[in-house]
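Structural characterization, general
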Amino acid sequence: MSTLAAPAHGFEQVALALQGGGALGAYQAGAYQALASRGIAPDWVAGVSIGAINAALIAGNAPEARIAALEGFWRRVTRFGPGNFALPEPPLPPVFNNLLWAGRNLSFGQPGFFAPRLPPPWLWPDDRPEALSYYDIAPLRDTLLEFVDFDRLNDGPVRLSVGAVDIHTGNYEYFDNRERRIGPEHIMASGALPPGFPPVEVEGRFYWDGGLASNTPLDFVLHHTPRPDTLIFQVDLWPARGDLPRNIRDVAERIKEIQYSSRTRLNTTHMVREMALKRRVRELLAALPGHAEAGTLLAELEKDCAGGVATIVHLIYQSRPYEHESKDYNFSRRMMEEHWHSGGHDVDRVLATPGVLERPDDHEGIRVYASDRV
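As a starting point, this report considers the structure included with it. (Residues numbered from 1 in each chain as written. Predicted model: local features only at pLDDT ≥ 70, side-chain atom pairs only at ≥ 80, totals over all residues. Heavy atoms only, no water.)

The next thing to look at is the packing of aromatic side chains. Applying the stated rule across the entire model yields 16 aromatic pairs. Here tyrosine 174 and phenylalanine 220 contribute two aromatic rings whose centre-to-centre distance is 4.0 Å and whose plane-to-plane angle is 15°, an arrangement assigned as stacked. Note that tyrosine 174 is positioned in strand β6 (residues 172–176) and phenylalanine 220 in helix α8 (residues 218–222), a separation of 46 residues in sequence. By relative accessible area, which is 13% here, tyrosine 174 ends up buried. Grouped by ring-pair contacts, the aromatic residues Phe73, Trp74, Phe113, Phe114, Tyr135, Phe197 and Phe331 constitute a single cluster. Here the guanidinium or amino end of arginine 104 rests over the ring plane of tryptophan 101, the centre of that ring lying 4.8 Å away. (Phe/Tyr/Trp six-rings, centres within 6.5 Å; stacked < 30°, edge-to-face > 60°. Helix = DSSP H or I, 4+ residues; strand = E, 2+ residues; numbered from the N terminus. Buried < 20%, exposed > 50% of the residue type's maximum accessible area, 1.4 Å probe, protein only. Lys NZ or Arg CZ within 6 Å of the ring centre and 35° of its normal.)

Okay, structure coming up:
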């Protein structure tokens, strides 16, 4: 992979925040390829569900090997036939073609990713692992081991954080390679969406897909303290905004969009207000006369308000009219390539905005650029 010279920006850290969305995750791969072609390399990759898988593929490979790893993974999980080749798609209108391929994926699973349980879960006795999901995700483990160098993932320069939900407590948890060794099970746990996929055991506890609680890792990245000046690329697969549904397929699609968008734009708006408040508190603390008895309180306030400036580049996949609610489990090769292309196109478009890579120097200390507003 050839890259251009690194862009001149004033940020100390570049972070990728990758949302969950199944087959739509190829959009994130295309976005990463476009960023890499401009010399923009992440220091920190945080992901949920399919975003966790893409994050592992990035953090678990050398920069010159990442695109090949992403392409290898996405070609593996979008084949339907022998070898690594995809069967030709019939010459049908896109909406029917998508429904056909989504039905195939539901019925037969997807090579390198998940396989249907036979017999199905309701025929297994209670307390058996096979009774907890419709699919087996053992193939995903083998695929991760093939395309991710876990030694590099854990010992390399890129920070990795992936979100999952503890089934017993219902609490959200991030597995972070700066705090523990990450293996395939941590990545699989982040993407174990029930009832399709089974819970995954990690260090004696059982986890489901992080998207059940929050489908975006943006808050985790922004609230990490102390945070250096950070350029964040938030790559979302579900738009929060949408039109009034026209039919029952639109209804099902819109439900997913609202459920899994995790209100990223609302959270970003709150973060802008929070950072503005923190900056005013820091200015107030700097203006206060010193009082020995207030020293501890002032130190704690300064710690809570720490954090550099940030720019959030919000990339949001906009689905095509013929995708409908099956778009997150339609693993056809054609749709993978369309999603991949869309990710690269949106990066090109938003980075053409003047000043997007410049460090904020205004009072608020945070800027937001959204691909659906450019």
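Now that the structure is up, let's keep going.
The next thing to look at is the pattern of salt bridges. When the charged atoms of two side chains with opposite charge come close together, those side chains can pair. If you walk through the whole model with that rule in mind, you get 20 salt bridges. Of the charged contacts, one joins arginine 320 and glutamate 338 as a salt bridge, the two residues approaching to 2.8 Å between their closest N and O atoms. Of this pair, arginine 320 sits in the loop between β10 (310–316) and α12 (333–351) while glutamate 338 sits in helix α12; the two residues are 18 residues apart in sequence, bridging distant segments of the chain. Residues aspartate 346 and arginine 349 are paired through a salt bridge, measuring 3.0 Å at the closest nitrogen-oxygen approach. Here aspartate 346 and its partner arginine 349 are both found in helix α12, three residues apart, which amounts to about one turn of the helix. Since its relative accessible area comes to 8%, aspartate 346 is described here as buried. Here the residues in one salt-bridge network are Glu253, Arg254, Glu257 and Lys327, joined through shared partners. (Salt bridge = Lys/Arg side-chain N within 4 Å of Asp/Glu carboxyl O.)

On to the environment of proline 157. Locating proline 157 in the fold gives a position in the loop between α6 (150–155) and β5 (159–166). Once the C-alpha coordinates of proline 157 and glycine 60 are considered, the two residues, 97 residues apart in sequence, prove to be 10.0 Å apart.

Mapped onto the fold, asparagine 54 is located in helix α2 (residues 50–59). Among the residues examined, asparagine 54 registers a relative accessible area of 1% and is labelled buried. In this structure the side chain of asparagine 54 is engaged in a polar contact, spanning 3.1 Å, whose partner is the backbone oxygen of glycine 25. In contact with asparagine 54, not counting residues within four places along its chain, are Leu18, Gly25, Gln28, Leu70 and Trp74. (Polar contact = N/O pair within 3.5 Å; in protein donor to acceptor, adjacent residues only side chain to side chain. Contact = heavy atoms within 4.5 Å.)

Space left empty within the atom packing is revealed by a probe, the size of a water molecule, rolled over the atoms. Taken as a whole, the largest pocket holds about 610 Å³ of empty space. When contributions to the lining of the largest pocket are tallied by element, the ones reaching two or more residues are α2, α7 (184–190) and α9 (248–260). Looking at the lining of the largest pocket element by element, the count peaks at three residues for α9. Considered class by class, the residues forming the lining of the largest pocket number 20 nonpolar, nine polar and three charged. Taken as a whole, the second largest pocket spans an internal volume of roughly 380 Å³. (1 Å grid on protein atoms, 1.4 Å probe; cavity = no way out; pocket = protein on both sides within 12 Å on 5 of 7 lines; lining within 4 Å. Points joined across faces, edges and corners; volume = space filled by probe spheres on them. Nonpolar A, V, L, I, M, F, W, Y, C, P; charged D, E, K, R; others polar.)

In this section: empty space enclosed by the protein. Evaluated as defined, the whole model comprises two cavities of 30 Å³ or more. Estimates place the volume of the second largest cavity at around 50 Å³. Those elements that place two or more of their residues in the lining of the second largest cavity are β1 (13–18), α1 (26–37) and α2. Broken down by element, the lining of the second largest cavity gets its largest block of residues, five residues, from α1. Partitioning the lining of the second largest cavity into residue classes produces eight nonpolar, two polar and no charged.

Together, Trp122, Leu123 and Tyr134 line one region of the surface with nonpolar side chains, adding up to about 380 Å² of accessible area. Tracing the chain through its elements places tryptophan 122 in the loop between β3 (115–116) and β4 (135–136). Given a relative accessible area of 61%, tryptophan 122 falls into the exposed group. (Patch = residues over 30% accessible without salt bridge, like charges linked within 9 Å, V, L, I, M, F, W, Y side chains within 5 Å. Areas by Shrake-Rupley, 256 points an atom, 1.4 Å probe, with all protein chains shown as cover.)

For the rest of this paragraph, the subject is the pairing of β1. In terms of burial, β1 is a largely internal element, six of the six residues being buried. Of the two faces of β1, the one lined by Gln13, Ala15 and Ala17 and the one lined by Val14, Leu16 and Leu18 are each fully buried. When β1 meets strand β9 (residues 230–236), the two strands line up parallel, connected through six bridges. Its bridge partner lying in β9, glutamine 13 is registered against threonine 230. As paired strands, β1 and strand β2 (residues 44–48) are joined by four bridges and run parallel to one another. (Pairing = 2+ DSSP bridges.)

By themselves these figures say nothing about function.
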